[in-house]
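Descriptive analysis of the structure
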Amino acid sequence: MKKRILVACGTGIATSTMVANKIQSEITNRNEAIDVVIDQCKVAEVSSLWSNYDLIVSTTQVPSDVKIPVISGLPFLTGVGLDKVIEDIIEKLKS
């Protein structure tokens, strides 16, 4: 079954692209058998898009009406806690 991740940042361009690419490469490098689709958006678009996804990774605060798991994408920017965040993403996609 295909899993869908929505990656959100302030503008939906640079930061979300970097995070999306890193998530995809980490899932591939860890030989995880997860069929994943990763899309990007502006954080302002999250409220209208979240229901089509299994997980959100965001580098900024997401609206409170989101009813799916949200994982902070800040470790992708700082490098601090990155392995833990990748493990959390994989765990949530497998459940």
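Residues numbered from 1 in each chain as written. Predicted model: local features only at pLDDT ≥ 70, side-chain atom pairs only at ≥ 80, totals over all residues. Heavy atoms only, no water.

1. A few points about the sheet that holds strand β4 (residues 70-72)
For clarity, the threshold we go by: Any two strands with at least two DSSP-identified bridges between them are counted as paired. Here a strand is any run of E in DSSP of at least two residues, a helix any run of H or I of at least four, and the numbering for each starts at the N terminus. Where helices are involved, their axes are fitted lines through C-alpha atoms of the stretch in contact, as for all axes, and angles between N-to-C directions lie from 0 to 180°. What makes two residues a contact is simply this: any of their non-hydrogen atoms within 4.5 Å.
With parallel pairing, four strands are arranged side by side in an open sheet as β2-β1-β3-β4. Only two strands of the sheet have a single neighbouring strand rather than two, namely β2 (36-42) and β4. Strand-to-strand twist of the sheet, defined as the mean angle between neighbouring strand axes without regard to direction, takes the value 25°. As judged from the three bridges shared by strand β3 (residues 55-58) and β4, these two strands associate in the parallel manner. Bridging from a neighbouring strand, Ser 58 pairs with Ser 72 of β4. Packed on one face of the sheet, helix α4 (residues 82-94) meets β1 (3-9), β2, β3 and β4 and runs near 170° to β4.

2. Describing the side chain of Thr 59
Positionally, Thr 59 belongs in the loop between β3 and β4. What Thr 59 contacts, discounting residues up to four positions off in sequence, is Ala 8, Cys 9, Thr 15, Val 19, Gly 73, Leu 74 and Leu 77.

3. Regarding the side chain of Lys 3
What counts, and what does not: The rule is simple: take the accessible area with a 1.4 Å probe, protein chains only, and divide by the maximum for that residue type; under 20% is buried, over 50% is exposed, in between is partly exposed. In this charge count, Lys and Arg are treated as positive and Asp and Glu as negative; neither His nor the chain ends contribute. The salt bridge definition used is simple: a Lys or Arg side-chain nitrogen within 4 Å of an Asp or Glu carboxyl oxygen. Two N or O atoms count as a polar contact when they lie within 3.5 Å, although within protein this holds only if one can serve as hydrogen donor and the other as acceptor, and sequence-adjacent residues are included solely when both atoms are side-chain atoms.
Relative to the assigned elements, Lys 3 resides in strand β1. As a buried residue without a salt bridge, Lys 3 has its nearest oppositely charged side chain in Asp 54, at a separation of 4.6 Å. At 3.4 Å, the side chain of Lys 3 forms a polar contact with the backbone oxygen of Leu 93. When neighbours within four sequence positions are excluded, Lys 3 is seen to be in contact with Ile 34, Asp 35, Val 36, Val 37, Asp 54, Leu 93 and Ser 95.

4. Thoughts on α4
Cut-off, in case you're wondering: One less than the residue count of a helix, multiplied by 1.5 Å, gives the span that helix is expected to have. Taken from the helix axis, the directions to the C-beta atoms give the arc we talk about.
The end-to-end C-alpha distance of α4 is 19 Å, a good match for the 18 Å that 13 residues give at a rise of 1.5 Å each. Listing the buried residues of α4 in full gives Leu 82, Val 85, Ile 86, Ile 89, Ile 90 and Leu 93. Seen from one end, α4 has its buried residues packed into an arc of 135°, which puts them on one side. Structural note: α4 exposes Asp 83, Glu 91 and Lys 94 on the side pointing more than 90 degrees away from its buried face. Those residues of α4 hidden inside the fold are in contact with β1, α1 (14-29), β2, β3, β4 and α3 (74-78).

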